[in-house]
Amino acid sequence: MRAAGPVVDPVPCSGCGKLLDPLRAGHVAIFDLKFHFFCNRHACRASFLGEPPSAAPQDARRDGAPIAVLAPRLADADPRAALDAPIVAFHAPATGDALLPELPPTGEDRALVEPIARTILTEEPTRLDVPEPRDIGALLLVIATIAGTLAVALALAGEATLVIGARIVLAAVGAGMLVGRAATTPRDACDPHPAPILAPPLISLVLAIWAALRPDRALGAEAASLAGIIVTATAAHAWLLESARGASAAERMFVAMALAVPGRRAPEEGAPGDGGKGKVFDICPGELVLVETGEVVPVDLVVASGEVEVLPWLGATTPVRRRAGDAVVAGAKVVRGRLRGTCTFVGNDRSFARVLLDPRRRADALAPIAQASRALAERWAIAAALIGGLSAFVAGGRGPIEIAMTAAAVHAALATAVIAGVAGVHVARGILLAQRRGIAYKSADAWDRAGKVTVAVFCARGTLLLGEPELAELEATGGKLEPADVLSLAAGAERGEEHPIATAIVRAAQTRGARPDGVRNAHYVPGLGVTAVTSSGEDLCVGSRPLLLAQRISIAAAEQRIAELEALGRTVVLVAVGTRLVGVLGLQDGLRPGARAAVQHLLDAQIEPVIMSGDARETCEAIGRSLDVDHIRPEVLPADRAAEVRRLIDAGTSVAVLGHPGVDDGALGAADVAVALGAAGASPGDLSVALASDDVRDAALSLALAHRSRIEARVALAIAVVPALIGAIAVAFGVLPPAYAPLTSLLGGAMAVMHVRALDRVRDAGPTRSHA
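A quick note: this is a predicted structure, and the numbers were derived from the prediction, not measured.

About the thresholds
- Residues numbered from 1 in each chain as written.
- Predicted model: local features only at pLDDT ≥ 70, side-chain atom pairs only at ≥ 80, totals over all residues.
- Heavy atoms only, no water.
- Helix = DSSP H or I, 4+ residues; strand = E, 2+ residues; numbered from the N terminus.
- Buried < 20%, exposed > 50% of the residue type's maximum accessible area, 1.4 Å probe, protein only.
- Areas by Shrake-Rupley, 256 points an atom, 1.4 Å probe, with all protein chains shown as cover.
- Pairing = 2+ DSSP bridges.
- Axes fitted to C-alpha atoms, helices over the stretch in contact; angles between N-to-C directions.
- Parallel < 35°, antiparallel > 145°, perpendicular 65-115°, else oblique.
- Left-handed = near helix turned anticlockwise from the far one by under 90°.
- Contact = heavy atoms within 4.5 Å.
- Nonpolar A, V, L, I, M, F, W, Y, C, P; charged D, E, K, R; others polar.
- Core = buried A, V, L, I, M, F, W, Y, C linked by side-chain atoms within 4.5 Å.

Asks: Talk me through the overall build of the protein chain; I want residue IDs and the actual numbers.
Replies: For the protein chain, the count of helices and strands is 22 helices and 27 strands. Per-residue burial over the protein chain gives 47% buried out of 772 residues. Summed over its atoms, the accessible surface of the protein chain is roughly 37700 Å², and 59% of this surface lies on carbon and sulfur atoms.

Asks: Just give me the short version of the sheet that holds strand β10 (residues 307-311), but keep the residues and values in it.
Replies: Through backbone hydrogen bonds, the strands of a sheet pair up, either in parallel or in antiparallel fashion. Spatially, the 3 strands line up as an open sheet ordered β11-β10-β13, and their pairing is antiparallel. The open sheet has two edge strands with one neighbour each: β11 (320-323) and β13 (333-336). Strand-to-strand twist of the sheet, defined as the mean angle between neighbouring strand axes without regard to direction, takes the value 50°. Where β10 and β13 come together, 3 bridges link them in antiparallel fashion. When the sheet's bridge partners are listed, E309 is paired in β13 with R336.

Asks: Hey, could you go over the environment of V308 for me, with residue numbers and the actual values?
Replies: One can find V308 in strand β10. Overall, the relative accessible area of 3% leaves V308 in the buried class. In sequence terms V308 and P319 are 11 residues apart; their C-alpha atoms lie 9.6 Å from each other.

Asks: Talk me through the packing of helix α6 (residues 217-244) against helix α10 (residues 400-414); I want residue IDs and the actual numbers.
Replies: Where α6 meets α10, the closest approach of the two axes is 11 Å, and the angle between their N-to-C directions is 15°. When the axis of α6 is compared with that of α10, the two are roughly parallel. The handedness of the crossing between α6 and α10 is left-handed. Contact residues: α6 offers L219, E222, A223, L226 and I230, while α10 offers I401, E402, M405, A408, A409 and A412. Here the contact of α6 with α10 is built from residues that sort into 9 nonpolar, no polar and 2 charged.

Asks: Now, about the pairing of strand β16 (residues 455-459): what can you tell me, with residues and values included?
Replies: Counting buried residues in β16 gives 5 out of 5 residues, a clear majority hidden from the surface. Neither face of β16 is left uncovered, since the one carrying V455, V457 and C459 and the one carrying A456 and F458 both have all their residues buried. Pairing of β16 with strand β23 (residues 608-612) involves 5 bridges; the strand directions are parallel. Note on β23: the bridge partner recorded for V457 is V610. As defined by bridge partners, β16 adjoins strand β25 (residues 655-659) across 4 bridges and the pair is classed as parallel. Note that in β25 the partner of F458 across the bridge is L658.

Asks: Quick rundown of the nonpolar core? Include the residues and the values.
Replies: Among soluble globular proteins, nonpolar side chains are generally buried collectively. Y441, V657 and L703 are the most contacted members of the largest nonpolar core, which totals 140 residues. Of the residues forming this core, the biggest block, 16 residues, is contributed by helix α21 (residues 696-732). Setting aside anything within four residues of it in sequence, one finds V657 in contact with V457, C459, V645, A667, L668, A671, V673, A674 and V675. Core analysis: the next-biggest nonpolar cluster, separate from the first, contains 25 residues, L489, A532, L540 and V577 among them.

Asks: Account for unusual backbone geometry, naming residues and giving values.
Replies: Positioned with a positive phi, Q606 is a non-glycine residue whose angle comes to about 60°. Within the secondary structure, Q606 sits in the loop between α17 (595-604) and β23. Of note, E635 is a non-glycine position whose phi angle comes to about 55°, a positive value. Relative to the assigned elements, E635 resides in the loop between β24 (631-633) and α19 (641-650). According to the relative accessible area criterion, E635 is partly exposed, its value standing at 47%.

Asks: I'd like to hear about the sheet that holds strand β15 (residues 439-441), residue by residue, with values.
Replies: The sheet built from 7 strands is open, its strands ordered β15-β27-β26-β25-β16-β23-β24 with mixed pairing. On the outer flanks of this sheet lie β15 and β24, each paired with one strand and no other. With direction set aside, neighbouring strand axes in the sheet form an average angle of 20°. Relative to strand β27 (residues 689-691), β15 is paired through 3 bridges, and the arrangement is antiparallel. Residue I439 lies in a different strand from β27, and its bridge partner there is L691. Against the sheet, α19 touches β16, β23, β24 and β25, its axis set at about 150° to β25.

Asks: Lay out the packing of helix α7 (residues 246-259) against helix α11 (residues 417-435) with the relevant residues and their values.
Replies: Orientation of α7 relative to α11, taken along the N-to-C sense of each, is 40°, at an axis distance of 10 Å. By the angle class used here, α7 and α11 are oblique. Like other packed secondary-structure pairs, α7 and α11 cross with a definite hand, here left-handed. The residues of α11 that touch α7, namely those facing S248, E251, R252 and V255, are V425, A428, R429, L432 and Q435. A breakdown of the residues in the contact of α7 with α11 according to their chemical character gives 4 nonpolar, 2 polar and 3 charged.

See below:
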C-alpha cells in the first residue's frame, strides 16, 4: 500500500468552496502569484475563471475501474454545513500497483500548473511578471500636494484664528510628507541634496507659526498662504521632475536588465570538452569567454579566433561579421557561429554601462551643465535668498517677518527639483539616443567636449572613402615598357606592404595575370611609396609625386596626365626605373555609404568638416566637391597628421578627429575629441567616443547628438530659471507679494517639463531607432 503521506491544514476549493487536502487536490494553478486549489480541473477551475464548465472525460479510469465521486457538489448544499463536514479524499484510494495519472489533454493550458518534478527554486527560474512595489514616495507627494492646496484654499474661509491654525496644520502635514519622502525614497545620483529643497517649506512653516502668534491676523493669513503655496510647489516640482525623466529611467532600467546576463568561461586551447557549461557572473578581464549562437555577449571582449555574425549592440537589427581582433560590446547578440573572445571590460566598466549605469560616472550627474543646475538649486539659491532679504530690508517699510518671508520665497523659487534636475534629464536622453546607435562616450567630460566641437577632421581613407581602391588607369610612358610590365614592377615593389593602395595594386596584377617582378631591397616610406631594386638590378621607385621628386626623378612628361587623373579624384601612383618615369597608375576609391549624410550631420550641428589625406590637392578637392566640404588638408603624411591637428587647435578651435584606431592613432591622440570607429569594447587609449559600428554616419552623429543634447539642456534650464528669477526679483523689490515667487517658479518648471515632452513626441514621430 502507498504511504498516507504528510497531513496539512485543509483549504477551501477556489471554485466551489469545499474544504480539501491541498497535497491531494485535483488541480493546482497559479493566478495573481497565488496558489489556488481546485477539486477538479473541469468544473471548479472553470467556475473560478467565469468560464463555461467543460465536460469531464467519461472514460477516465484507474486500474480499469471508474473513479467514484466521493463528495457531492456544495453548490446545492448548505455552505455552513459543508464547513463542518469531514474532509474526504478526492481520488479513490490507490492500490499497490497504482500508476501515475495520465497527462491531461493536449489542448489544455499547462502554463498554469507547476510541472512535475520541477520546483520553483531552480537555477534559472521562470520569469514572472511580478507587480512593481507601490511607490510610497509618490503617495507622499500626493498627500503633500493635497494638504498644501487645502492650506491655500482655506484662505476663502476668512482670517479667523481657528482658520489660520487649521491652514498651518495642513501646511505642516504637507511639509511632513515631503520630509518623509526624502527619508524613504532612495536618492538618485543626479538628485540634489534634500536639505536645500526642504528648507523653504520648513522655514515658511516656522514663519507662519510665528506670524500666527502675533496680533496681526492679516500677516498670519499671508504667512499661512505662503507656507501652503511653497509646500504645494515643492511637491509639484518633484512630481514634474519624476514625470520628465520617467522615459529615460525606464530605458536605463531596460539596458541594465539586458546587460545583466551571466557568461561562460571558454576552455583553454586543446582542453577536452566544451568548457564550463554553467554561466557565471564573476568573469574577469583577460579571461576567455565563450558565447554560443543565440546568446547575448555578457562582457566587452575582443574576438580571439574564428568569425561570427553578431547584432553589434543592444537594439541593433542588422548583423555584421566580426573576425579575430575585432571588438564586441556587451549586449551584442550572436546570430551565427560560436564566439570565443578575450574579456576586456566587465561590470560598470563596460562601454554601455560606464556613463549610464555607474553612479560614480553617470553623465547625467557629472556633466558640467548638470552640475551647474544642481549648484544653482543647492548653493546659489541661498545667496539669492540673502540678496532678496537684503533688498527687502533696504527698501524699508517691512517688518522682520515680512523680510524673512521674502527671503524664503526667493529661496523657494530657485531651490526646486526641476531646476536642479532638468538639465540632467536632457543629458541622459542624449546618452540613450547615442547608445541606440552603438555610440559610447568615455565619460561625462568626453560628452561635454564632444558637444563643444567646432571642427571635425575626417581621416579620409577608411572614413569618407571605402579604403578599398581599384586600379582604374594603367599607362606606360616613354615607350620602352608595356603596361603589363609596369604593373608587374609596381606589384613586385608593393607586395610586402599592407596599405590599401599596395593591396589594390597586387590584386590588380593577380586579376590581369601580371606576375610581380622579383624586386629586392625594398624600403617603404610611410605615406609616400617604396624604393627598391628590380630583378635586373636597376633602381625602382613606386609612389607619389613627392617621393619621385625627392629621388630627383623628372615627371614633366606626364604632368598633364597626372593632373587630369587627380582632377577625377583618383590617387596617382608613379613608377620609375632608374631616373626615368615609365608608368602611371590611377586608382579610384569609392565613397563610403553614408559619407554625405555624415557631412550633413556635422553641418546641421554647425561643425565645420575637414578632409585630411595624403593624396594630392587635386584629388582631395575632387572628393571635397562631391561631399560639399570646402576645408581640405591634402598631402599630409600619417606621421605629420598629429602636428596638423595641433595647428588647428592652436588656431582657437575645438577639434574632433574621426578615424580608426591603429591606423589613425597619431591624429586621434592629438585631437580634443577622438572618435574611433569600431573601437567600442576594445582596450583603446584615450578615446573620447568609441563606436560599436564602422559607420561614419554614427561617428558624425556622436558629435551632433552631444551638440544637440547640450543645447537642449541649456534651453531647458533657462526655461525653468528665467520665470523664477523674474518672480524673485519682483518679490524682492516689493512689486509682488512673496507668494508669487514660488508660483512663477512652478510655471517655469511646468514649461521645462513640457519642453521635454515636446522633444519626446518629435523624436517618437521620427526615425529615432535606425537600423545597424
